[in-house]
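# Overview (structure and organization)
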Amino acid sequence: MITKGKRVISSITYFFLGEYFSDALRTTLTVIIPIIFFFYLGNREAATGIGVGALLISLTDLPDNRFNKFRTALLSLAFFSFTTFLVSQVLDYPIFKALVITFLAFAFSLLSVYGQKMGLIGTMSLIVCAFVMGLHPPRPIYFSGYMLLGGIWYYMISLIQTVIRPYRSLNHAIFECLMASAEFLKAKAKNYDPSIPLDHQQKEIIKLHIRVNQKHELIRNLLLTDRYAMDPENNNGQILLARAGFLIDLYEQLNAVHFDYENVRQTLAGTDVLPLIASLIAELAEEIEALEQQIRSKNNRPSSSKEVSRFLESRVLLIQKLPALTETQTEFVKNVLANVDEISSIIASIRNKQTFTAHHKAGREKIAFPRFLSSDRFALSDHLTLKSPIFRFSLRMAICFLFGFILISQFQDSKYSYWLFLTLVIVARPKFSITWKRNFQRLKGSLGGIVIGLVLVYIIKSSAVLLCTSAICLLGFYAFNRINYTISVLFITPAVILTLGSYHGHFDHIVHARILYTAIGCAIAIMATYLFPIWDSKNLHQKIKEAADASLKYFMIATTESNQGENTARLARKNANLSLSSLSESIESASQEPQQSSTDLKNFYELQVIIYKINAMVTSIFLSGERVNQNFNDQIFNEIHLNLNLSSESSVNRLESNQQSIGEVVANNALYQKLLIILSLSANLNECYKIS
């Protein structure tokens, strides 16, 4: 068993030896080395241009494979060079500058149409605009060239690392997926504790379920777009492909650990089986944690005998209880044991680097991995309308920038006014909830960073020591940038104060400008959310319909005798999970909107939980291998179909009468008992939707 102390030590070690910190260290060195070198040569312009170019372009470098990183590098360099040259040419013409940058704010925000990566490049290009305005280079062409050199220098180092260690990001994604899976399974174990309220627990499980699903999406995008890894002759790639396949199976089995927990608690009340099941599932979660640590440390040794004996001991104790249980209780415990054994088998297969085909039973369809890759194909013409959230946000950003220029023109000229635009780019988001959250994160991080910066300035009098401290703060910014935005701002703020103060002096002026322009930028971003607003609370009914429809398709494909194949069912499950994830995000976003009090969010949370339960039960049926001949009892399927279509024809009264007649036919059939649970859940979904 992994103790709490060991887990904390492991987490700290993982942070400093993991991808986040090592990337931060590499990026920090890549940024500061050319700055030190060119300052030593006396070329301050080159030091600033190359340093800023490397600093900004590094933020477009997300975990990815070689081909995608090279493509991102080319696009980033092209956009950054174009932006730097264009903006630097109009700096001395205030009206042209305002018009050009306002247009760029619209155009670069619209790049989100082409996917997350292009959206990030657009955002960083806007940040380039802000920095060029702040630096106001005296020789625009030279400065543009230096910025380009900085970008080339950074991506050259990054791509060299990717060539040397091509699967580093993918391995990291697999580690995080296993960690999330272990946490998910631990939350499942709590369902067998009668002292924990099920409603609260189900919401927590859904959040973890969505998190695991997101990790799988990342693995798919990293692996399936890598032509080298997918090459059948590439042994390392095939091992990673096998692990991805096992993770899919593990994910399905984790979802299948789902039952009517209220009924389970009642059925097993008065026995000591519930704590034994909880203990067994918790032990299994720790097995997954041990597996993650083993893969991370490249240790191929099996689990320690102590860990294995604890797992087997819990399993044996549970089996010994079977003779004293009723038939219903015994059937349930056997189902749990079968599910646990399958998860244990998958863990062993990953640990032993077993091939994916060897693990699968004969006759199972081979997974067609490319079918599960999300498409990034979008049409710009489809978004050139006010109905498009991306178009509405792009218009909003353009207006924010224009308003910012008008506002700044009323102030006394300040070289730090560009922080207003920088804050706008970082804080403003399409949705009110995310903008509001970013505002608080930036304000908290900035104020905390200012305090730290002032304390350091008061204590440290040497400029050299202040600059070294600034470099350490830059390292902290990069280390937490993908983990916690507030902490990253907490680090970058003193880095900025110490660096600018060391060269320009007037620390008090820098602090005053930082507070003023950050606060104004945050205020503009919040007020602008009411301009071309995007309210999730108005789209919740549509999101429920989409999630219910995806669940219906998954149900029809996964539970019936069909020639569509296993891949089709898996793809339907993926779509159902993505729809549920989208619904969950919309509910969370709506809960933070100003008009959320007029929306019955409690009912929408209930709808979300019901859809999750339906998907989990369908997965349980799918993995059991049993399929239903619809001719046996069309009534069940017709009722479920009507309910998940959110048809007004369905009613709980009719459900109760139908369940009585259906139940007489299938009382002793475990598969149809699960179908009855889905029928009951779908009827509840229908009724809750009517009153929402």
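Anyway, here's the lowdown on the structure attached to this text. (Residues numbered from 1 in each chain as written. Predicted model: local features only at pLDDT ≥ 70, side-chain atom pairs only at ≥ 80, totals over all residues. Heavy atoms only, no water.)

## Quick notes on the overall build of the protein
For clarity, the cut-off: Put simply, DSSP marks the helices as runs of H or I at least four residues long and the strands as runs of E at least two long, and each gets a number from the N terminus on. Only protein chains enter the accessibility calculation, which uses a 1.4 Å probe; a residue whose area is less than 20% of its type maximum is buried, one above 50% is exposed, and one in between is partly exposed. Note on contacts: a residue pair qualifies if any of its non-hydrogen atoms lie within 4.5 Å across the two residues. For the accessible areas, the method is Shrake-Rupley and the probe is 1.4 Å, while residue cover comes only from the protein chains on display.
Scanning the protein for helices and strands turns up 27 helices and zero strands. Looking at the protein as a whole, 53% of its 692 residues qualify as buried. The long-range fraction of contacts in the protein, counting pairs at least 24 apart against all pairs at least 6 apart in sequence, stands at 82%. Accessible surface, the protein as shown: approximately 31500 Å² in total, 60% of it carbon and sulfur.

## Thoughts on the side chain of Lys 69
If you trace the backbone, Lys 69 turns up in helix 4 (residues 66-89). What Lys 69 contacts, discounting residues up to four positions off in sequence, is Asp 61, Leu 62, Asp 64, Tyr 155, Ser 158, Leu 159 and Thr 162.

## A look at helix 19 (residues 463-480)
Applied cut-off: Each helix should span, by expectation, one fewer than its residue count multiplied by 1.5 Å.
Its 18 residues place the ends of helix 19 26 Å apart at the C-alpha level, agreeing with the 26 Å of an ideal helix rising 1.5 Å per residue. For helix 19, the set of buried residues is Leu 466, Thr 469, Ser 470, Cys 473, Leu 474, Leu 475, Gly 476, Phe 477, Tyr 478 and Ala 479.

## Structural notes on the packing of helix 8 (residues 168-189) against helix 12 (residues 273-296)
This is how it is decided: For helices, the fitted line uses only the C-alpha atoms of the stretch in contact; every axis is such a line through C-alpha atoms, and the angle between N-to-C directions lies from 0 to 180 degrees. With respect to orientation, any angle under 35 degrees is reported as roughly parallel, any angle over 145 as roughly antiparallel, any angle of 65 to 115 as roughly perpendicular, and every other angle as oblique. By the convention adopted, Pro, Cys, Tyr, Trp, Phe, Met, Ile, Leu, Val and Ala count as nonpolar, Lys, Arg, Asp and Glu as charged, and the other residues, Gly among them, as polar.
Their axes nearest at 8 Å, the elements helix 8 and helix 12 cross at an angle of 170 degrees. By the angle class used here, helix 8 and helix 12 are roughly antiparallel. Within the contact between the two elements, helix 8 uses Phe 175, Leu 178, Met 179, Ala 182, Leu 185, Lys 186 and Ala 189 and helix 12 uses Ala 278, Ile 281, Ala 282, Leu 284, Ala 285, Glu 286, Ile 288, Glu 289, Leu 291, Glu 292, Ile 295 and Arg 296. Here the residues of the contact of helix 8 with helix 12 are counted per class, giving 14 nonpolar, no polar and five charged.

## Focus on helix 22 (residues 540-559)
Counted at 1.5 Å a residue, the expected span for helix 22 with its 20 residues is 28 Å, and the 28 Å between its end C-alpha atoms agrees. For helix 22, the set of buried residues is Leu 540, Ile 544, Ala 547, Ala 548, Ala 550, Ser 551, Leu 552, Tyr 554, Phe 555, Ile 557, Ala 558 and Thr 559.

## A look at a nonpolar patch on the surface
The criterion, for reference: To count toward a patch, a residue needs a relative accessible area over 30% and no salt bridge; like charges are then connected within 9 Å, while nonpolar side chains (Val, Leu, Ile, Met, Phe, Trp, Tyr) are connected within 5 Å. The term salt bridge refers to a side-chain nitrogen of Lys or Arg lying within 4 Å of a carboxyl oxygen of Asp or Glu.
Taken together, Val 451, Val 455, Tyr 458 and Ile 459 make up a surface patch of nonpolar side chains, about 460 Å² in accessible area. Residue placement: Val 451 occurs in helix 18 (residues 432-459).

## Notes on the nonpolar core
Defined as follows: To define a nonpolar core, start from buried Ala, Val, Leu, Ile, Met, Phe, Trp, Tyr and Cys residues and group those joined through side-chain atoms within 4.5 Å.
Membership of the largest hydrophobic core comes to 106 residues, with the highest contact counts inside it found for Tyr 192, Ile 277 and Leu 685. The leading source of residues in this core is helix 24 (residues 601-624), at 13 residues. Formed by 78 residues, the second largest nonpolar core is a distinct cluster that contains Phe 21, Ala 73, Val 100 and Met 133.

## Description of the environment of Glu 546
Residue position: Glu 546 is located in helix 22. Owing to a relative accessible area of 37%, Glu 546 belongs among the partly exposed residues under this scheme. Each C-alpha atom, one on Glu 546 and one on Asn 645, is 9.7 Å from the other, the two residues being 99 residues apart in sequence.

## Brief notes about the side chain of Asp 61
As a reminder of what qualifies: Any pair of nitrogen or oxygen atoms within 3.5 Å is treated as a polar contact; in protein, a donor-acceptor pairing is required on top of that, and neighbouring residues in sequence qualify only through side-chain atoms on both sides.
Note that Asp 61 resides in the loop between helix 3 (44-57) and helix 4. Of note is the side chain of Asp 61, whose polar atom sits 3.2 Å from the side chain of Lys 69. Beyond its immediate chain neighbours, meaning those up to four positions away, Asp 61 contacts Arg 26, Lys 69, Tyr 154, Tyr 155 and Ser 158.

## A closer look at the packing of aromatic side chains
Each aromatic ring pair is specified by the distance between its two centres and by the angle formed by the two planes. Condition: Whether two aromatic rings pair depends on their centres lying within 6.5 Å, for rings of Phe, Tyr and Trp, where Trp uses its six-membered ring; planes under 30 degrees apart make the pair stacked, over 60 edge-to-face, and the rest tilted.
For the structure shown, the criterion picks out 16 aromatic pairs. Ring centres of Phe 131 and Tyr 418 lie 5.9 Å apart, and the angle between their planes is 55 degrees; this geometry places the pair in the tilted category. With a gap of 287 residues between them, Phe 131 in helix 6 (residues 116-135) and Tyr 418 in helix 17 (residues 418-427) connect regions that are remote in the sequence. Overall, the relative accessible area of 18% leaves Phe 131 in the buried class. A residue is classified by how much of its surface remains accessible, and Tyr 418, at 11% relative accessible area, is buried.

## Looking at unusual backbone geometry
For His 136, which is not a glycine, the phi torsion comes out positive at approximately 45 degrees. Checked against the element boundaries, His 136 lands in the loop between helix 6 and helix 7 (140-164). For Phe 532, which is not glycine, the phi torsion reads 50 degrees and is therefore positive.

## So, the pattern of salt bridges
For the structure shown, the criterion picks out 16 salt bridges. The partner of Arg 482 in a salt bridge is Asp 23, with the nearest N and O atoms 3.2 Å apart. Taken together, the residues Arg 482 in the loop between helix 19 and helix 20 (485-504) and Asp 23 in helix 2 (residues 19-41) connect sequence positions 459 residues apart. Its relative accessible area of 34% is what places Arg 482 among the partly exposed residues. We classify Asp 23 as buried; its relative accessible area is 10%. Among the salt bridges present, the one from Lys 690 reaches Glu 687, with a minimum N-O distance of 3.3 Å. Pair noted here: Lys 690 and Glu 687 are both in helix 27 (residues 670-691), with a separation of three residues, about one helical turn. In this structure Lys 690 comes out as partly exposed when scored by relative accessible area, which is 40%.

## Regarding the packing of helix 12 against helix 14 (residues 327-351)
One way to put it is that helix 12 packs onto helix 14 with a least axis distance of 10 Å and a crossing angle of 10 degrees. Taken as axis vectors, helix 12 and helix 14 run roughly parallel relative to one another. Judged by residue contacts, Val 273, Ile 277, Leu 280, Leu 284, Glu 287, Ile 288, Leu 291, Gln 294 and Ile 295 of helix 12 engage Phe 332, Val 333, Val 336, Leu 337, Val 340, Ile 343, Ser 344, Ile 347, Ile 350 and Arg 351 from helix 14. Each residue belonging to the contact of helix 12 with helix 14 can be placed in one class, and the counts come to 15 nonpolar, two polar and two charged.

## What about the environment of Tyr 530?
Its place among the elements puts Tyr 530 in the loop between helix 21 (507-528) and helix 22. Each C-alpha atom of the pair Tyr 530 and Phe 432 lies 8.4 Å from the other, and the pair is 98 residues apart in sequence. In this view, Tyr 530 contacts Phe 432, Trp 535 and Pro 594; residues no more than four positions away in its chain are not counted.

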